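Structure at a glance
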Amino acid sequence: MKKGRLLNSEINSVISRMGHTDHITVGDAGLPIPNEVKRIDLAVEKGVPTFLGTLEVILDELKVEEVVIAKEMKDISGEFHTQLLKLLEKKCGEINIIEVSHEEFKGITKESKAVVRTGECTPYANIILKSGVTF
């Protein structure tokens, strides 16, 4: 049996196939997921599972060198934005954080290896994680 923290076999499979600069998206319950991108739907009900809880586990498994978030998050969901930045610093140290419009963000998700849908209902609670290398 897998020893690590991440138990979801679909997310594990995507991460294990990712190379340098590939990316995976973690989204809230409302993020539109392009038809051509793998959907990993974890949403059970409003708030379950949480975005930050799901992201924390994924960050334990994936080496991340850069993230993309919607710039609207800071103004619309300020407290959530602060919590997200603290989690990223704790798990990733110094990484590049790119802020784009929400519309641009949705376009970038088309290039993701997968989109993980959570039960989060905080506006703009979405992130694209760009894979780094461990060597």
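Within any chain, residue numbers begin from 1 and follow the written order of that chain's sequence. Totals for whole chains, interfaces and linings use all residues, but because this is a predicted model, local features are given only for residues with pLDDT of at least 70 and pairs of side-chain atoms are given and counted only at 80 or more. Calculation of side-chain values draws on the structure's entire complement of heavy atoms; hydrogens and water are dropped beforehand.

Quick look at the sheet that holds strand 2 (residues 38–41)
Heads up, the rule is: Criterion used throughout: strands pair if DSSP finds at least two bridges between them. In this description a helix means any DSSP run of H or I spanning at least four residues, a strand means any run of E spanning at least two, and both kinds are numbered starting from the N terminus. In this analysis, axes come from line fits to C-alpha atoms, helices being fitted only over the stretch in contact, and the angle between any two N-to-C directions falls in the range 0 to 180 degrees. Any two residues whose heavy atoms approach within 4.5 Å are treated as being in contact.
Pairing is mixed across the open sheet formed by six strands, whose spatial order is 2-5-1-6-3-4. The open sheet terminates on both sides in strands that have one partner only, identified here as strand 2 and strand 4 (96–100). When the angles between neighbouring strand axes are averaged without regard to direction, this sheet yields 20 degrees. Note that strand 1 (residues 23–27) and strand 5 (residues 114–117) share three bridges and pair parallel. Pairing of Thr25 across the sheet is with Val115, part of strand 5. Each of strand 3 (64–70), strand 4 and strand 6 (127–131) is contacted by helix 4 (residues 78–92), which is oriented at about 175 degrees to strand 3, the strand it contacts most.

Concerning the pattern of salt bridges
If charged atoms from side chains of opposite charge come close, those side chains can pair. Note the following rule: By definition here, a salt bridge exists when the distance from a side-chain nitrogen of Lys or Arg to a carboxyl oxygen of Asp or Glu is within 4 Å. Buried residues are those whose accessible area, probed at 1.4 Å on protein chains only, stays under 20% of the maximum for their type, while exposed residues exceed 50% and partly exposed ones sit between those limits.
Per the stated rule, a full pass over the model turns up nine salt bridges. Glu56 serves as the salt-bridge partner of Arg5, at 3.9 Å between the closest nitrogen and oxygen. Separated by 51 residues along the polypeptide, Arg5 in the segment before helix 1 (9–17) and Glu56 in helix 2 (residues 51–61) bring together distant segments of the chain. What makes Arg5 partly exposed here is its relative accessible area of 44%. On the basis of relative accessibility, which here comes to 21%, the residue Glu56 falls in the partly exposed class. Residue Lys106 pairs with Glu103 through a salt bridge whose shortest N-O separation is 2.8 Å. Note that Lys106 and Glu103 are positioned in helix 5 (residues 102–108) at a spacing of three residues, about one turn of the helix. Given a relative accessible area of 23%, Lys106 falls into the partly exposed group. We classify Glu103 as exposed; its relative accessible area is 57%. Salt bridges here are not isolated pairs; linked through shared partners, they connect Arg5, Glu56, Asp60, Lys90 and Lys91.

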